[in-house]
Structures are given as structure tokens and as C-alpha cells.
Amino acid sequence: MNRVYLTIIILLSILTVVGCKSQKTDAPDMVIIDGTVLDGQDKTPLRQAVIKRVSDCKTFLTDTLGNFHIEAQAGDSLNFSYVGTLSRTLPIVRHDSLLSVELEPYMPGNDEYVYNIKYLGEFENRDDGSTLVISKAENGYNVFIKLFRLTDIDNGFGELKNGKLVFTGTDASGNPISGEITAVGSTAKLVFTDSTWEYLPVGTTYSFEREHDLTQKSYSTADGMSMSIISPKPIKSPIDSIIVEFANNRNIDLTTGEWYRIDKQSLKGNWTKAPYSGKYLELLAKGTEVCFNDIGYVVRPDGTFKMTIKPWIYDLSDKPATYRLVKTFHYPPYPIQKSDTVYVEFQIR
């Protein structure tokens, strides 16, 4: 009986295929799209630009030369996007066999000031303890400089010009003093370019390192559970793994699983999911997604539990940014369990 049944299924499948084939003239034509995604200003190829086929939301990535090869149906659309540019959605027509797509850079409006976050934060000179603190001001940057046994410049105002943060403040004698700050990675270089003070002649240079020993901030949607990062300290890029420790201060068992999320804080203080890594985007383009094992780990009352997390699916290369690790935990009554969320903020060095 089984063999007869399989034969019928196969015959029906063949008939179905033949039927579809006879209707081919009514189906949309398949089109092979080869093309390149370019920067709209300098026409350079955009590597790993994201292309989404609108009909099924399948994503593709451009190669190192900005090229792509996609099969789509006439009448479908492709959405092109890249970090820092305006996305474009283009319809596919039958003659679109070669396509060149230019993505224009995002330009803020007249009432919107865009900050370069690599300049924001606290820096320290490891030799003498001098400090440099840069924070946001209206349409610019506040610059505070404390030079060991010399002076404090606490009224500096800076603007970005030609890839440098140019600031003006007041020296210890009450005269104007100016300089340039260049930030590369975790290092900031300060050069005084205009000074009438004999103790800070033009050309005086200081180097600062971004402070590493940052205080972790842990919080939860309910009392009784906390999470801290115990290794590595400091967290350095590239990150292989992060070891976290949960502490349960309730009088009941709490459980947590393998699932986690990493958020990134915007300049306005809002939290959004951190961008995916290039490795994970390549997997997504091939139709592969990450799945977490459905398993529960118990954290006993007044006890602790350690877990190792591999954050490779996220791009955490933005060192000046603040990130947070997000985990959920559950508590009885089971099986109708309740859940809360715990967070711990961190930065990368």
C-alpha cells in the first residue's frame, strides 16, 4: 500500500509540474540582475551593502568590489541600503540585466547636529594624570582640559573641521587659547595651535588614552536578580567571549536560558539592537539564522551562576559606544511562569 501511495504522489507531482509549465506564459519572467552598489559622492564601490528582495525579504550582500548577482521576478523590487546612506528601493523590469545603484550619504537637516562619538568621553594621560573630557554642547562640543600642575581649561568649545576637533578656550592668564584634537581608536592627541601663554607655547602636544576602568551598570525590571561581567576586564576588541555572573537575591529559584541580545546606545540616549556582524550577515544572505538551545539553567536562592556568551553575531567594533547585554530570567509558578529582564552596560577597548 505504501508503494502505491508514493506512486500516486509522484504522479500528482509530475502532473502539477506539467500544469505549471503549461501556464508559464502567465507567470512573471525571472530576471538575473548583475550590478554594483556605489557611493553616490565619490563613486567608490560599497562592500557588504545590504540588498533585500522585497517579495520574500531575502537579503544579499555585495562583495569586496560592491558587486552583486541576484535572481528576481520582473515586477519585484530590490531595496539597497548601507550604513550612513539613504536607502533606495528600485523596481525590477525585464530589461534590468545590469544595474548600477548609487547610494547618497545621509545629510542631516538644518536643525540637526550630528556628533562624532569617537571624540566623546574621558581621556587620561598615563604619565602625569592630566585629563581631557569632551561632551556634547549645542551644535558643538564642550572641551575640558586639566593639565598636571599647570592649568585647567574648563570653558573650551569645539567644532569639527577637516577631520579634527578645533577648540577655543581661556588660559590661566585669561587670554584666548586654541588647539586641535585628533582621536584615533582609544587615543586622543591634543596640539595647541594658538597661545600667548609662555607655559603653553604653540605646538605643545599631549597624548591621552581613553579611560579603561569603567564602572559597570547593572539593572533589572524587578528586584532580586543582578548580572555582572566578570571577564574579560577590560573588554577588548575583537571579543571572543564574555563571562557573566547572575546573583539571585530572592527566596525562590530563578531560571535563565541561552538567549541574549546586545543593544547599543545612541547619542540621544536611546537603546536599539546592535548591528549584526559581517559574518552573520553573510549567513543571513544564505538563509541561515542563529537559533538558541531551548534549555533552562537554575539560579538558586542567594546563589550565583556563571555563563559564557559568544557575541560574534554582533558588530561591536564601535569603541566609543556604550553597549548593554540583555538577558531574561523566569520564576514560578510553573508552567505559567513570569519573566523579567536584566541588563548590564559595558564598553569596548
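A quick note: this is a predicted structure, and the numbers were derived from the prediction, not measured.

**Student:** Honestly, the nonpolar core in this entry has me stumped. Any pointers?
**Tutor:** Soluble, globular proteins show a tendency: their nonpolar side chains are buried together. Membership of the largest hydrophobic core comes to 30 residues, with the highest contact counts inside it found for Val 244, Phe 246, Ile 262, Leu 316, Tyr 323, Leu 325 and Phe 346. Where this core is concerned, the elements lending two or more residues are strand E17 (225-231), strand E18 (242-248), helix H2 (278-285), strand E23 (303-309), strand E24 (322-331) and strand E25 (338-347). For this core, the element with the most residues is E24, which contributes four residues. Filtering out sequence-adjacent residues up to four positions away, Leu 316 remains in contact with Ile 239, Ile 262, Ala 274, Pro 311, Tyr 323 and Ile 348. Within the second largest apolar cluster, 23 residues are counted, among which are Phe 123, Tyr 141, Ile 181 and Phe 192.

**Student:** Explain the side chain of Asp 340 to me, please; I cannot follow it from the model alone.
**Tutor:** Within the fold, Asp 340 resides in strand E25. Using a relative accessible area of 11% as the deciding quantity, one classes Asp 340 as buried. A polar atom in the side chain of Asp 340 sits 3.4 Å from the side chain of Arg 250. If sequence neighbours within four positions are ignored, Asp 340 has contacts with Thr 221, Ala 222, Arg 250, Lys 327, Thr 328, Phe 329 and Tyr 331.

**Student:** Just checking my understanding: could you explain the environment of Gly 169 for this structure?
**Tutor:** Structurally, Gly 169 can be placed in strand E12 (residues 164-170). When the C-alpha atoms of Gly 169 and Phe 157 are compared, they prove to be 6.6 Å apart, with 12 residues separating the residues in sequence. If we skip the residues at most four places from it in the chain, Gly 169 touches Ile 153, Asn 155, Gly 156, Asn 175, Pro 176 and Ile 177.

**Student:** When you look at the sheet that holds E23 in this model, what are you seeing that I'm missing?
**Tutor:** The strands that make up a sheet are held in pairs by hydrogen bonds between backbone atoms, and each pair lies either parallel or antiparallel. On the basis of which strands lie adjacent, the open sheet formed by three strands has the order E17-E18-E23 and antiparallel pairing. On the outer flanks of this sheet lie E17 and E23, each paired with one strand and no other. Shown here is a sheet whose adjacent strand axes are inclined to one another by a mean of 25°, direction ignored. Note: E18 against E23, seven bridges, orientation antiparallel. Each residue of the ladder has a partner; that of Ile 242, found in E23, is Ile 309.

**Student:** Help me understand the sheet that holds strand E1 (residues 30-39) in this model?
**Tutor:** Pairing is mixed across the open sheet formed by three strands, whose spatial order is E4-E1-E7. Looking at the sheet topology across the chains shown, the edges are occupied by strand E4 (67-73) and strand E7 (98-103). Here the strands of the sheet are splayed against their neighbours by 35° on average, with no regard to which way each runs. As judged from the seven bridges shared by E1 and E4, these two strands associate in the antiparallel manner.

**Student:** Whenever I open this one, the pattern of salt bridges confuses me. Can you help?
**Tutor:** When the charged atoms of two side chains lie near each other, side chains of opposite charge can form a pair. Inspection of the entire model under this criterion finds 10 salt bridges. Here the salt bridges share partners, and the residues they tie into one network are Arg 261, Asp 263 and Arg 324.

**Student:** What should I look at first to understand the environment of Cys 291 in this one?
**Tutor:** The topology assignment puts Cys 291 in the loop between H2 and strand E22 (297-299). Taking the C-alpha atoms as reference points, Cys 291 and Trp 259, separated by 32 residues in sequence, lie 8.6 Å from one another.

**Student:** I'm lost on the environment of Asn 142 in this one. Help?
**Tutor:** For Asn 142, the location among the structural elements is in strand E10 (residues 140-147). Not counting residues up to four positions away in its chain, the partners in contact with Asn 142 are Val 133, Ile 134, Ser 135, Lys 136, Ala 137 and Gly 156. Engagement of the side chain of Asn 142 in a polar contact is seen with the backbone oxygen of Lys 136, the distance being 3.3 Å.

**Student:** When you look at the pairing of strand E8 (residues 121-124) in this model, what are you seeing that I'm missing?
**Tutor:** When a strand is regular, its side chains alternate between the sheet's two faces. Strand direction decides the pairing type here: E8 and strand E9 (residues 131-137), joined by four bridges, are antiparallel. Looking at the pairing, Phe 123 lines up with Leu 132 of E9. Counted between consecutive antiparallel strands, the loop separating E8 from E9 contains six residues, among which Gly 129 sits at a positive phi close to 85°. The pairing of E8 with strand E15 (residues 205-210) spans two bridges and is classified as antiparallel. Residue pairing for E15: Phe 123 is matched across the bridge by Arg 210.

**Student:** Sorry, what's going on with unusual backbone geometry here?
**Tutor:** Note: most residues except glycine have negative phi, and most peptide bonds are trans. The step from Ser 231 to Pro 232 runs through a cis peptide bond, and the omega angle for that step is -5°. With respect to the element layout, Pro 232 can be found in the loop between E17 and E18. Of note, the amide linkage connecting Ser 237 to Pro 238 takes the cis form, showing an omega dihedral of 0°. With respect to the helices, strands and loops of the structure, Pro 238 is situated in the loop between E17 and E18. Phi is positive for Arg 149, close to 55°, though the residue is something other than glycine. Tracing the chain through its elements places Arg 149 in the loop between E10 and strand E11 (151-161). Given a relative accessible area of 76%, Arg 149 falls into the exposed group. The backbone phi angle of Asp 302 is positive, close to 55°, even though this residue is not glycine. Summarising the element assignment, Asp 302 is placed in the loop between E22 and E23. A residue is classified by how much of its surface remains accessible, and Asp 302, at 66% relative accessible area, is exposed.

**Student:** Explain the confidence of the model for the protein chain here, please?
**Tutor:** A low pLDDT score tells you not to read the predicted coordinates there in detail. Of the residues in the protein chain, 86% reach a pLDDT of 70 or more, and the chain-wide mean stands at 81. Taken as a whole, residues 1-27 scores under 50 in pLDDT and shows zero contacts with residues more than four places along the chain or in a different chain.

Procedures and definitions
- Residues numbered from 1 in each chain as written.
- Predicted model: local features only at pLDDT ≥ 70, side-chain atom pairs only at ≥ 80, totals over all residues.
- Heavy atoms only, no water.
- Core = buried A, V, L, I, M, F, W, Y, C linked by side-chain atoms within 4.5 Å.
- Buried < 20%, exposed > 50% of the residue type's maximum accessible area, 1.4 Å probe, protein only.
- Helix = DSSP H or I, 4+ residues; strand = E, 2+ residues; numbered from the N terminus.
- Contact = heavy atoms within 4.5 Å.
- Polar contact = N/O pair within 3.5 Å; in protein donor to acceptor, adjacent residues only side chain to side chain.
- Pairing = 2+ DSSP bridges.
- Axes fitted to C-alpha atoms, helices over the stretch in contact; angles between N-to-C directions.
- Salt bridge = Lys/Arg side-chain N within 4 Å of Asp/Glu carboxyl O.
- pLDDT = per-residue confidence, 0-100.

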